[in-house]
Amino acid sequence: MKDSPVRPVLLVALGGNALIRKGQQGTISEQFENLRVPISQIARLTRDYRVIITHGNGPQVGNLLLQQECTEEVPRMPLEILVAQTQGQIGYMIESTLDSELMRQGIAASRPLVSLISYVVVDEHSPAFTTPTKPIGPVIPEDRVPSCPYPVRLTEKGFRRVVASPEPVAIVEKSEILRLIEMDFVVICCGGGGIPVVREGRSFAGVDAVIDKDLASARLACEVGVDIFVIATDVPGVAIDYGTEHQRFLARLDVNRAWLYAAQGQFPEGSMLPKIQAAIRFLEGGGKRAVITSVEAIEEAVAARAGTEVIRG
Ligand code: ADP
Ligand code: MG
């Protein structure tokens, strides 16, 4: 195994939708099973990289919201509390799966891991608070949409609930994450985009929102000085004319062309657009490589053999 200080830093952002696949109910065994695919690859990658894992929580946080709406008997919790819950539940699932994989691959002793409850500062005056854009929870059957007591939007997966999703401004635990990485920990952090907080004097207060995990991951990647940023989701990469008979996945996409396609509406808000924005922000912040790929092809993407590499224009 190589010496720790020289290993480049790899950030893998795992999609919440990759933990609950299309057509699945999202049982705990399904989620653990789905996780084995990315985590076994990430375990192998820890031999050559210092690794940070972030994860989404769209399906899971929406499920928690629905669960608490099923009863009047316990007080309802605001979204930031539910985001914290998903950091716990998904952090635990990732940590225990990775732990077993590192053990199986015989590298557990040299790769300690930790999952960190993480806050992300957002702008409290963001227009995002009045225009919800982030899809969460399960797909809602079309006939139930008119009676939904919350905002709903048609996404590529069907109708889904949407919530406010303000821009991430700063990662509160940045220096802790840096120190853990320097000590060679595999760090799981910024789950579900981070617990959204605003500054109140010298402390923080949670706000009712869900930050996009791709944008939070880009912020983290820039602040920590990550070398490679991999966004792993449930499609092989970025396509143009996605979902049509002309659909074509791209091996490379330069920033200028990405903006052009975005202006044509090729990348929907709340799903592919934030991944593109995240990749671009990372490169503009000095990052070397940003790749959007499937959870099945993380190692291949790191080796530049899969996914869509976003490159400077
Ligand atoms: P995640 O949980 O990984 O963040 P999202 O649902 O937010 O997943 O984003 C991935 C989804 O983006 C894909 O499942 C796909 O349906 C959708 N998508 C929309 N436009 C495109 C595009 N141009 N290329 C690829 N995927 C796209
Ligand atoms: Mg997403």
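Residues numbered from 1 in each chain as written. Chains lettered and ligands numbered in written order. Predicted model: local features only at pLDDT ≥ 70, side-chain atom pairs only at ≥ 80, totals over all residues. Heavy atoms only, no water.

Moving on, we come to the pairing of strand S10 (residues 195-200). When strand S4 (residues 119-122) meets S10, the two strands line up parallel, connected through three bridges. Opposite Tyr119, over in S10, you have Ile195 as the bridge partner. Two strands pair when backbone bridges link them, and S10 and strand S11 (residues 203-206) are joined in this way by four bridges, in the antiparallel orientation. Its bridge partner being in S11, Arg199 is matched across the sheet by Phe204. Linking two consecutive strands that pair antiparallel, namely S10 and S11, is a turn of two residues; a positive phi of about 65° is found at Gly201 within it. (Pairing = 2+ DSSP bridges. Helix = DSSP H or I, 4+ residues; strand = E, 2+ residues; numbered from the N terminus.)

A few words now on the sheet that holds strand S5 (residues 134-140). Strand pairing in a sheet relies on backbone hydrogen bonds, with the paired strands running either antiparallel or parallel. If you walk across this open sheet you meet the three strands as S5-S7-S6, and the pairing is antiparallel. Only two strands of the sheet have a single partner each, and these edge strands are S5 and strand S6 (152-155). Between one strand axis and the next, the sheet turns by 45° as a mean value, whatever way the strands run. As paired elements, S6 and strand S7 (residues 158-163) share four bridges and run antiparallel to each other. Residue pairing for S7: Leu154 is matched across the bridge by Phe159. Against the sheet, helix H3 (residues 58-69) touches S5 and S7, its axis set at about 65° to S5. (Axes fitted to C-alpha atoms, helices over the stretch in contact; angles between N-to-C directions. Contact = heavy atoms within 4.5 Å.)

In the vicinity of ligand 1 there are 20 residues, among which Lys157, Thr233, Asp234, Ala239 and Lys275 approach most closely. A distance of 3.0 Å is found between an oxygen atom of ligand 1 and a side-chain nitrogen or oxygen belonging to Lys213. Contact distances for ligand 1 include 2.6 Å between an oxygen atom and a side-chain N or O atom of Asp234. When isolated, ligand 1 has an accessible area of 570 Å², and the protein chains bury 96% of it. Taken together, the residues of the shell around ligand 1 break down into seven nonpolar, eight polar and five charged. (Near = heavy atom within 4 Å. Polar contact = N/O pair within 3.5 Å; in protein donor to acceptor, adjacent residues only side chain to side chain. Areas by Shrake-Rupley, 256 points an atom, 1.4 Å probe, with all protein chains shown as cover. Nonpolar A, V, L, I, M, F, W, Y, C, P; charged D, E, K, R; others polar.)

Bringing the environment of Gly88 into the picture now. As for its position among the elements, Gly88 is in helix H4 (residues 79-104). Between the C-alpha atom of Gly88 and that of Gly191, which follows or precedes it by 103 residues, the distance is 8.6 Å.

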